[in-house]
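Now for the letters of each chain:
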Amino acid sequence: MADTKIYHQYSVGETIEKLQTDSHQGLSQKEISTRLKKYGKNELKEKGQKTVFEILFDQVKEIMIIILFAAAVISFVLGEYTDSIVILIILLLNTMLGFWQEFKAEKAMAALKKLTVPIVRVKRDGAVAEISAKDIVPGDLVLLEAGNIVPADARISVCSNLKVQEATLTGESESVEKTTDAISGDNISIGDRKNMVYMGTVITYGRGEALVTSTGMETELGKIATMLQEVEDEETPLQKRLAKLGTKLALLALGLIIVVAGITYLRGVHLKETFLIAISMAVAAIPEGLPAIVTIALALGARKMLKGKALIRHLPAVETLGSVTVICSDKTGTLTQNVMTVTQLVMVNQKVEMEDLNTTSLTDDMRLMLINGTLCNDAVLKQESQETIGDPTEGALVIAADKMEFKKGTLSKHLTRVDELPFDSERKRMTTIHQITAQNNPAITKIFKDLINCDQYILFTKGSADGLLEISDQVLIDGKVQPLTEEIKEKILEENQELAENGIRVLGYACKKIAESDIHKRDQYENKLIFVGMTGMIDPVRPEVKDAVTTCLEAGIRPIMITGDHPLTALAIGKELGIAQNDNYITGAELAKMTVTELEERIFDTSIFARVSPEHKMKIVDALQDKGQIVSMTGDGVNDAPALKSADIGVAMGITGTDVSKESSDMVLLDDNFTTIVSAVKEGRTIYDNIKKFIKYILTGNTGEVFVMLAGPIMGLPIPLLPIQILWINLVTDGLPAIALGYEPAEDNIMKRPPYDPQEGIFSRGLGRQILTTGSLVGMICIIVGLFAYQTDKSSHGAWQTMIFSTLTFCQMAFALAVRSNWKSIFSKGFFSNPTMLFAVLLTFVLQLGLIYLPFMQNIFRTVALNLQQLGICIGVSFFIIIAVEIEKITIRLKK
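Residues numbered from 1 in each chain as written. Predicted model: local features only at pLDDT ≥ 70, side-chain atom pairs only at ≥ 80, totals over all residues. Heavy atoms only, no water.

## Quick look at the side chain of threonine 535
The condition that has to hold: Secondary structure elements follow DSSP: runs of H or I no shorter than four residues count as helices, runs of E no shorter than two count as strands, and numbering proceeds from the N terminus. Counted as a polar contact is a pair of N or O atoms within 3.5 Å, where, for protein atoms, one must be capable of donating a hydrogen and the other of accepting one, and residues adjacent in sequence contribute only when both atoms are in side chains. Contacts were defined at the residue level, with two residues in contact if any of their heavy atoms lie within 4.5 Å.
Position of threonine 535 among the secondary structure elements: in strand 20 (residues 529-538). Of the polar contacts made by the side chain of threonine 535, one reaches the side chain of tyrosine 509; its length is 2.7 Å. Apart from the residues within four sequence positions on either side, threonine 535 is in contact with Val342, Gln344, Leu345, Met369, Leu397, Arg505, Val506, Leu507 and Tyr509.

Next up, the structure:
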């Protein structure tokens, strides 16, 4: 079989020959059996997924998990059962958290399969039969009519006013008029292959017959399924950074364990105590609560985004949004309103914007054209909802007339349709005949009488302006009918061309008086017409999108339009919104000829991509990613699914989006609005900033713990902190304020700066230095307090250890308050701007007092009650952390 992509180039006869079939009889039963064996069933096949055990193994093979598991086992062997159980519970929670996130089943293929159909009518052995769509084979003759879902890719052999809605593949909602004529040229996009129908698309009008050219995974839908299954799930920037961080911390922990264990053993410390110190060091170096806290912060961000009409399907997408450098957006419905709207009335000597018109400013010429547009028309307007039923273009004309008080229902009663010539692709026009019974509406009667001397029957025609000019010999200018000269015709054609080049869809209108005796003489209808004028229509941009695009540009994010629409239309919309900074655009045909390297050379000076197919969208996303960009891709059709899955952030449309696109996406826009993406990006940046803040906060605490565990034995102290105490700090003392940091409002300049480099490390922009310096300061303060207590009261070793434990806790709480902004003072930011943080700090403080003074907690955490002086010292020294951080912020502000 030849590739499906070339069938549009063949005539019907050549197609029959290529497929070795019969356009009248269809295939024989014997041939069907042979082809079923050769090509297989007409169904989409799914590759195997990861098993439960494979997913579980991925979670437990991490080096951090292995070290903590070893610590739990050693603790158990040494009789430290509480420590062992707590470590194992933490391991179980973290493992299950990762397992659950990965176990969520991929549903894109299941949604794709819904587009296939169970039953289809075919012609076989000369008779029409209803069969399962799975049994269709290449060469089958399929019968199509309005309402059918196309069961396979096929070449149209018979066509009667056939229209197909191909939004599932092209993303464009307007039905496509089909033909049987061969289409020449290479790299013709799916939207322009007007002699083909494709699996999963919908017949909206007319009827036809088609010869199946491809089935199953060889169809365009099947190719999308293949691409979906070939796209590998990429880790987000944060996941990559945290994975590297985990490995580094694990290796650091191993090194520290060996060093500290060696030092303590050489000093003659008992082997059990040596092991306990090693376990404490392992627990101190590894931030056990970090995975859970990151997940909670992302969930908080997702909940906030949901209130803003953005549904997050994959939690890591929350953070990735903050790193986005390019937003690739479809045009229809996302940047525009997805509602065709008449924007201009164009007469020979006058062009007016619809928004500037009212019922009193209309001329009779305009009134005649609006009546023409709404009556030579099959769309119907629901007055209650102002929604139209029928073709979107015709619906726009009905709405335009309705706004000027020309109600179609009323007009139809006074101007009864008595005959018509339906629209077809050859004539590119529609004609209707109406009997004037509007004597009780003298205003309408007067228009027809004054302009074209008509009071009985009138003929209306609408269609392509150039086609109407060919069958017109007169023109209406300023209320008077005049001969249509070549000069006037040229002027109209120039205006038509100018409108088209600006992406405006143009329709022309003509009319004439017709005698009753000429009704039903259809060969005489479309000649010697009076050309009335033209309307300009567009799918208008969403009014709020322009500001959103400006915000993107200010934030260093580049918007790109990727659409299946005409390049001139796309370019005009792109310029209006500020997306297109030049006249450059690339079409799907050009993309097909380009290598990825060639595309990469042009990708940064081209923001408009038109007439593209699924493969082209994938190529654009891949080229941008190859250049180090973090790409967000929006889409609603099945055609968008592979690119949505391949992009760093796939964004599906909640209203118009197909199930396939939603299941392939990371985020769903509940209002289909580009502005919502920009709001989500802002929230993503805020969450990313907050994640960096609590990584800074948590690792500063870990650094302080490691400093204490290192310095303690070197300076002659017994074990400064027990594993259970370190776990308390890592999970509760660090955990609650860290979660509260997830509620921190956005920094003032959040959308006035470019996105951070996605390649930057977790410790970039001075974060590593700040963690080491502040963490070391925390450790030094704790050791000084501990040594002071140890030297002054050697008889009560429990008190000095409790003081180190408490000082470390209070220092962390002070740091939680100070770390809320990277550069703004805590005093100017205000203590009450994040009430959740205030509550978390107070709660942690109360819990810590419980550990110190409640007997049952003392038994678990090996603490002793501190007197007021000891407690005051622990609390007082913690304020040095706030002072140190505030001094650092002053230096940052001075550098700005």
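## Digging into the nonpolar core
What tends to happen in soluble globular proteins is that the nonpolar side chains get buried as a cluster. The test is simple: Only buried residues count toward a nonpolar core. Its members are Ala, Val, Leu, Ile, Met, Phe, Trp, Tyr and Cys residues joined through side-chain atoms within 4.5 Å. Summary of the burial criterion: residues with accessible area below 20% of their type's maximum are buried, those above 50% are exposed, and those between are partly exposed, where the area comes from a 1.4 Å probe applied to protein chains only.
Counting 129 residues, the largest nonpolar core has Phe674 and Phe694 as its most contacted members. Beyond its immediate stretch of four places on either side in the chain, phenylalanine 674 contacts Ile327, Ser329, Thr334, Leu335, Val545, Ala548, Val549, Cys552 and Pro559. If you look at the next biggest cluster of nonpolar residues, it comprises 40 residues, including Met347, Leu368, Ile371 and Ile436.

## Considering helix 13 (residues 364-375)
Rules: Helix span, expected: 1.5 Å multiplied by one less than the number of residues in the helix.
For helix 13, built from 12 residues, the straight-helix expectation of 16 Å at 1.5 Å per residue is met to within 8% by its first-to-last C-alpha distance of 16 Å. Of all 12 residues making up helix 13, 11 are buried, and the element is well covered by its neighbours. Asp365, Met366, Arg367, Leu368, Met369, Leu370, Ile371, Asn372, Gly373, Thr374 and Leu375 are the residues of helix 13 that are buried.

## Brief notes about the confidence of the model for the protein chain
What counts here: As a per-residue quantity, pLDDT reports the predictor's confidence and falls between 0 and 100.
Looking at the protein chain, the pLDDT average stands at 84 and 91% of residues meet or exceed 70. Taken together, the stretch residues 1-5 has pLDDT below 50 and engages in 16 contacts with residues farther than four places along the chain or on a different chain.

## Quick look at the packing of aromatic side chains
Using the following cut-off: To pair, rings of Phe, Tyr and Trp, with the six-membered ring standing in for Trp, must have centres within 6.5 Å; the planes then decide the type, stacked if under 30 degrees apart, edge-to-face if over 60, and tilted in the middle.
The final tally for this structure, using the stated rule, is 6 aromatic pairs. On the basis of an interplanar angle of 20° and a centroid distance of 6.2 Å, the ring pair of tyrosine 697 and phenylalanine 815 is categorised as stacked. With tyrosine 697 in helix 26 (residues 674-714) and phenylalanine 815 in helix 30 (residues 797-818), this pair connects stretches of sequence that are 118 residues apart. Phenylalanine 815 carries the same exposure label as tyrosine 697, and that label is buried.

## Focus on the pattern of salt bridges
The line we're drawing: Here a salt bridge means any side-chain nitrogen of Lys or Arg lying within 4 Å of a carboxyl oxygen belonging to Asp or Glu.
Per the counting criterion, the structure on display carries 33 salt bridges. A salt bridge links glutamate 145 to arginine 121; its shortest N-O distance comes to 3.9 Å. Residue glutamate 145 is located in strand 3 (residues 141-145), and its partner arginine 121 is located in strand 1 (residues 119-124); the two are separated by 24 residues in the primary sequence. Taking relative accessible area as the criterion, glutamate 145 reaches 39% and is therefore assigned partly exposed. Where aspartate 748 meets lysine 824, a salt bridge forms, and the shortest distance between an N and an O atom there is 3.0 Å. One end of the pair, aspartate 748, is in the loop between helix 28 (735-741) and helix 29 (767-792); the other, lysine 824, is in the loop between helix 30 and helix 31 (826-829), with 76 residues separating them in the sequence. Taking the relative accessible area as the measure of exposure, aspartate 748 reaches 56% and is therefore exposed. On the basis of relative accessibility, which here comes to 23%, the residue lysine 824 falls in the partly exposed class. Overlapping salt bridges bring together Arg193, Glu220 and Lys223 as one network.

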